[in-house]
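# A look at the structure
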Amino acid sequence: AVSGCAVPTWLILLANGLDKFSNLGFLINAGANLMDVVQEELNKLVIAFAILGGISLLSGSLYVSIWTYTGEKQALRIKEKFVKSAFHQDAEWFDMNNRDELPTKVANSMIHISGAIGRQMADLFANLWSSAGCLAVALVLNAPLALIMLLIVPVVVIFIAIISCFIRKASKQSGHSFGLAGALATEVLAGIKTVASLCAEPWAISIYGEHVLEA
């Protein structure tokens with residue numbers, strides 16, 4: 001909440017500073033001491049920005065560290081549950097699922113889960129607070145303009161949904177390709193003597209490279 005509200009707070013400080021510097025009455029009343037008054041106002045604005053930046057840095061580092069640690073712990077727990085569950089599966093399950101692809105698929109899935117529970121969740125909450133704060137500031141400062149800008153939000157949401165569908169599809173395809181590449185690497189390393197005796201290293205490298213390029 002603190003890091004998310006930093007952006008609307010910064011906007012309020014900047015708007016107040018710009019209003020004061022563009023106020024002709026304020027500049028005329030300053031008279032001969034105009035430069036001193038402007039310097040004093042600038043110093044106040046810079047100090048406020050510095051305090052706001054320090055608070056945002058501390059709170060942002062704290063909540064990102066907490067969420068990242070939580071994501072790593074949850075991913076590790078899910079991985080342990082998966083391994084225990086795999087040990088209790090029948091032989092038929094291993095025939096239906098390529099055992100050579102499992103380590104790579106599990107590792108890739110854990111990376112996505114850790115990121116989704118960790119940093120991405122922290123960014124989600126921060127962006128929600130920041131969006132709500134910016135909307136509130138916009139409605140207070142200039143309600144008609146803010147309402148006009150709100151009309152663009154549905155269009156942006158539709159574009160984001162379309163892009164997310166493409167990203168999800170590409171991520172699924174890349175995960176499958178990485179799984180095939182990991183399975184090939186595991187098989188080659190397990191039978192490296194046979195591969196070396198047949199001089200099949202270039203073939204294995206080329207096939208592995210094709211899978212990686214597909215990803």
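### Looking at the overall build of the protein chain
- A tally of helices and strands in the protein chain yields ten helices and zero strands.
- Ordered by position from N to C terminus, the α and β elements of the protein chain give α-α-α-α-α-α-α-α-α-α.
- Per-residue burial over the protein chain gives 20% buried out of 215 residues.
- Long-range contacts, defined here as pairs at least 24 residues apart, represent 76% of the contacts in the protein chain between residues at least 6 apart.
- In the structure as shown, the protein chain presents an accessible area of about 15,400 Å², 70% of it carried by carbon and sulfur atoms.

### Description of the side chain of Ser59
- With respect to the helices and strands, Ser59 occurs in helix α3 (residues 34-87).
- Beyond its immediate stretch of four places on either side in the chain, Ser59 contacts Val2 and Ser3.

### Section: the packing of aromatic side chains
- A complete count under the given rule lists two aromatic pairs for this structure.
- Taken together, a centroid distance of 6.3 Å and an interplanar angle of 35° make the contact between Trp10 and Phe49 tilted. Pair noted here: Trp10 is in helix α1 (residues 6-21) and Phe49 is in helix α3, with a separation of 39 residues, a long-range link.
- Taking relative accessible area as the criterion, Phe49 reaches 25% and is therefore assigned partly exposed.

### Looking at the packing of helix α6 (residues 119-141) against helix α7 (residues 143-150)
- As a packed pair, α6 and α7 sit with axes 5 Å apart at the nearest point and diverge in direction by 135°. One element, α6, and the other, α7, form an angle in the oblique class. Residues Leu135, Ala138, Leu139 and Leu141 of α6 pack against Ala143, Ala146, Leu147 and Leu150 of α7.
- In terms of residue class, the contact of α6 with α7 is built from eight nonpolar, no polar and no charged.

### Let's talk about α6
- Here α6 is 23 residues long and its end C-alpha atoms lie 32 Å apart, about the 33 Å a rise of 1.5 Å per residue gives.
- All buried positions along α6 are accounted for by Ala122, Ala126, Ser130, Gly133 and Val137.

### Topic: a positive patch on the surface
- A grouping of Lys73, Arg77, Lys81 and Lys84 is seen on the molecular surface, where their side chains present a positively charged patch.
- On the secondary structure map, Lys73 appears in helix α3.

### Some thoughts on the packing of α1 against α6
- Following both chains from N to C, one finds α1 and α6 inclined at 30°, their axes separated by 8 Å at the closest point. One finds that α1 runs roughly parallel with respect to α6. Of the residues in α6, those in contact with Val7, Pro8, Leu11, Ile12 and Ala15 of α1 are Ser130, Gly133, Cys134, Val137 and Leu141.
- Here the residues of the contact of α1 with α6 sort into eight nonpolar, two polar and no charged.

### Quick notes on the confidence of the model for the protein chain
- Summary statistics for the protein chain give a mean pLDDT of 76 and a share of 86% for residues scoring 70 or more.
- When pLDDT is averaged over each helix and strand of the protein chain, the minimum, 61, is found for helix α2 (residues 24-30) and the maximum, 81, for α3.

### Considering a nonpolar patch on the surface
- A cluster of nonpolar side chains, contributed by Leu145, Ile148, Met149, Leu151, Ile152, Val155, Val156, Phe159, Ile160, Ile163 and Ile167, occupies part of the molecular surface with about 1,100 Å² of accessible area.
- Counting only elements with at least two residues in the nonpolar patch, the list comes to α7 and α8 (153-190).
- Counting residues per element, the nonpolar patch draws most heavily on α8, which supplies six residues.
- Residue position: Val155 is located in helix α8.

### Some points on the environment of Ser171
- Position of Ser171 relative to the elements: it lies in helix α8.
- You can call Ser171 partly exposed: its relative accessible area is 29%.
- Through-space distance from the C-alpha of Ser171 to that of His112 is 10.0 Å; in sequence the pair is 59 residues apart.

Definitions and cut-offs
Residues numbered from 1 in each chain as written. Predicted model: local features only at pLDDT ≥ 70, side-chain atom pairs only at ≥ 80, totals over all residues. Heavy atoms only, no water. Helix = DSSP H or I, 4+ residues; strand = E, 2+ residues; numbered from the N terminus. Buried < 20%, exposed > 50% of the residue type's maximum accessible area, 1.4 Å probe, protein only. Contact = heavy atoms within 4.5 Å. Areas by Shrake-Rupley, 256 points an atom, 1.4 Å probe, with all protein chains shown as cover. Phe/Tyr/Trp six-rings, centres within 6.5 Å; stacked < 30°, edge-to-face > 60°. Axes fitted to C-alpha atoms, helices over the stretch in contact; angles between N-to-C directions. Parallel < 35°, antiparallel > 145°, perpendicular 65-115°, else oblique. Nonpolar A, V, L, I, M, F, W, Y, C, P; charged D, E, K, R; others polar. Expected span 1.5 Å × (residues − 1). Patch = residues over 30% accessible without salt bridge, like charges linked within 9 Å, V, L, I, M, F, W, Y side chains within 5 Å. Salt bridge = Lys/Arg side-chain N within 4 Å of Asp/Glu carboxyl O. Lys, Arg positive; Asp, Glu negative; His and termini not counted. Charge placed at Lys NZ, Arg CZ, Asp CG, Glu CD. pLDDT = per-residue confidence, 0-100.

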